[in-house]
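A look at the structure
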Amino acid sequence: MTPTELEAHIAELPKVLLHDHLDGGLRPQTLVELAADVGHTLPAEDPEALADWFEESADSGSLVRYLETFEHTIAVMQTADALRRVAREAVLDLAADGVVYAEQRWAPEQHLRRGLTLQQTVEAVQAGIEEGTALAAEQGRDIRVGQLVTAMRHADRWQEIAELAVANREAGVVGFDIAGAEDGFPPSRHPEVWRYLAENDFPTTIHAGEAAGTDSIREAVHLGQADRLGHGARLVEDIAFDAGSGTATLGRLAHWVRDHQIPLELCPCSNLQTGLAPSIREHQITRLKELDFAVTLNTDNRLMSRTSMTHEMTRLVHEAGWTVDDLADVTITAAWSAFIHHDERRSLVDDVILPRYQQIEGARL
Ligand SMILES: [Zn+2]
């Protein structure tokens, strides 16, 4: 199979995506058009040049340049129409990528500059998700998408955003997340938020183990009672690998995460850009998967990393020796880790994912 044939084949596999930022996945063309609407100046006017700029800036190794990329996407997502369009297109792009279930995360507090209320931003995104889902179904691509409402760690509006998420649990919001500067803004900054979420039986994922190490992961799983970990790649710091014998010895925290099968939302291409992993071949995802952690595969920021689920999967097959069984494993793990109820997860696995994998049984990648 040629690389092109392989990619076309992988594109048709059913996929589950749990970690994808709405403000990190805009189409370059949409960004250009929305920026023109509001008079926002972009670093490039041509969509292709703009896509290059985003990838280069995210690649630069400079956190300042990386954060600047979100300044541009967030600047154009300040009206209900813009939020609705971006959400609608995200759903369509994911459906075209073979995604059958996704959670889109974003921070409502960053979209209030033109007068929207927090509640209005959630409703606008939900309207876009529903439009995109209906359009995708018309194209023969069934997809289900939930919102993950994120609080920015440095902004100290965690409680307000958690209440927003819980208030919209019957209106499309499936979970709560914190994102932004991991180092220096740990879950213990606002312990009352985690108590509030637990009292409301509300699902939580926490970015941890990306920019900070095991202490951050420990707080996320114990104090934050995180149902999943955003990234979690630095959990390998609590595992001693012996290259000679090929053995791995887990520390207490690594055991805890594996014993409880806390899902890890790993994002290989994004992690290459931030320097968390030196290469796809050496990315933590393969070692953690081999050690039987609950590993899921994700895109993080499709625009900044110029990626898709198909692209992430293709690179793992090409560069890290993954097989179609490995791709099925992470997809099924992600489905069982989705913030939907148990019976819905079972239906996603049994009625959607497995039949499509069985159709291609015998296919060799
Ligand atoms: Zn993320």
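Above this text is the structure in question.
The rules behind the values
Residues numbered from 1 in each chain as written. Predicted model: local features only at pLDDT ≥ 70, side-chain atom pairs only at ≥ 80, totals over all residues. Heavy atoms only, no water. Axes fitted to C-alpha atoms, helices over the stretch in contact; angles between N-to-C directions. Helix = DSSP H or I, 4+ residues; strand = E, 2+ residues; numbered from the N terminus. Left-handed = near helix turned anticlockwise from the far one by under 90°. Contact = heavy atoms within 4.5 Å. Nonpolar A, V, L, I, M, F, W, Y, C, P; charged D, E, K, R; others polar. Buried < 20%, exposed > 50% of the residue type's maximum accessible area, 1.4 Å probe, protein only. Right-handed = clockwise from strand over helix to strand, strands pointing away. Pairing = 2+ DSSP bridges. Phe/Tyr/Trp six-rings, centres within 6.5 Å; stacked < 30°, edge-to-face > 60°. Lys NZ or Arg CZ within 6 Å of the ring centre and 35° of its normal. Core = buried A, V, L, I, M, F, W, Y, C linked by side-chain atoms within 4.5 Å. 1 Å grid on protein atoms, 1.4 Å probe; cavity = no way out; pocket = protein on both sides within 12 Å on 5 of 7 lines; lining within 4 Å. Points joined across faces, edges and corners; volume = space filled by probe spheres on them. Salt bridge = Lys/Arg side-chain N within 4 Å of Asp/Glu carboxyl O.

With that out of the way, let us pick up the packing of helix H3 (residues 47-59) against helix H4 (residues 63-75). What describes two packed helices is the angle between their axes and the distance between those same axes. Direction vectors running N to C along H3 and H4 enclose 145 degrees, while the axes themselves pass 7 Å from each other. As H3 runs across H4, the sense of the crossing is left-handed. Residue-level contacts link Trp53, Phe54, Glu56, Ser57 and Ala58 of H3 to Arg65, Tyr66, Glu68, Thr69, His72 and Thr73 of H4. Taken together, the residues of the contact of H3 with H4 sort by class into four nonpolar, four polar and three charged.

With that settled, the discussion passes to the pairing of strand S3 (residues 144-152). Of all nine residues in S3, eight are buried; the element is thus mostly enclosed. Once the chain exits strand S2 (residues 99-106) it traverses helix H6 (residues 118-138) before rejoining the sheet at S3, and the crossover so formed is right-handed. As defined by bridge partners, S3 adjoins strand S4 (residues 173-179) across six bridges and the pair is classed as parallel. Opposite Ala151, over in S4, you have Ile178 as the bridge partner. At this point the chain moves from S3, through helix H7 (residues 158-167), to the parallel S4, and the crossover so formed is right-handed.

Our focus in this paragraph is the packing of aromatic side chains. Counting across every chain of the model gives four aromatic pairs. Every member of this aromatic cluster is reached through a ring pair, and the members are Trp158, Phe176 and Trp194. In this structure, Arg228 is placed above the aromatic ring of Phe339, and the distance from its NZ or CZ to the ring centre is 3.9 Å. The ring of Phe293 is capped by Arg258, whose NZ or CZ atom sits 5.9 Å from the centre of that ring.

This part takes up unusual backbone geometry. In this model, Gln225 sits at a positive phi of 50 degrees, which is unusual for a non-glycine residue. Note on placement: Gln225 falls in the loop between helix H9 (214-222) and strand S6 (228-231). Gln225 sits in the partly exposed class, given a relative accessible area of 45%. Unusually for a residue other than glycine, Arg306 sits at a positive phi of about 45 degrees. By relative accessible area, which is 35% here, Arg306 ends up partly exposed.

This part is about the nonpolar core. In this structure, Val16, Phe176, Leu197, Leu229, Val257 and Phe293 are the most contacted members of the largest nonpolar core, which totals 109 residues. Broken down by element, the residue count for this core peaks at nine residues, all from helix H5 (residues 80-96). Once residues lying within four places of it in the same chain are set aside, the contact partners of Val257 are Ile217, Val221, Leu235, Ile262, Leu264 and Phe293.

Roughly 950 Å³ of internal volume is contained in the largest pocket. Lining of the largest pocket is provided by 34 residues; of these, Leu63, Tyr66, Leu67, Gly180 and Ala181 occupy positions nearest its centre. Listing elements by their share of the lining of the largest pocket, those giving two or more residues are H4, S2, S3 and helix H11 (268-273). Here the lining of the largest pocket gets six residues from one element, more than from any other, and that element is H4. For the lining of the largest pocket, the per-class residue count stands at 13 nonpolar, 13 polar and eight charged. Roughly 500 Å³ of volume is contained in the second largest pocket. Val173, Val174, Phe339, Ile340 and His341 are, among the 23 residues lining the second largest pocket, the residues nearest its centre. Counting only elements with at least two residues in the lining of the second largest pocket, the list comes to S3, S4, helix H14 (324-337) and helix H15 (342-359). Take the lining of the second largest pocket: its biggest share by element is three residues, from S3.

We now examine the pattern of salt bridges. Under the criterion given, the structure shown has 26 salt bridges. Residue Asp20 is joined to Arg302 by a salt bridge in which the shortest nitrogen-to-oxygen separation is 3.0 Å. Of this pair, Asp20 sits in strand S1 (residues 15-21) while Arg302 sits in the loop between strand S10 (295-297) and helix H13 (309-320), and the two are 282 residues apart along the sequence. The exposure class of Arg302 is buried, given its relative accessible area of 10%. Salt-bridge contacts for Glu131 lead to Arg84; the nearest nitrogen and oxygen are separated by 3.0 Å. On the criterion of sequence distance, the pair formed by Glu131 in helix H6 and Arg84 in helix H5 is long-range, its members being 47 residues apart.

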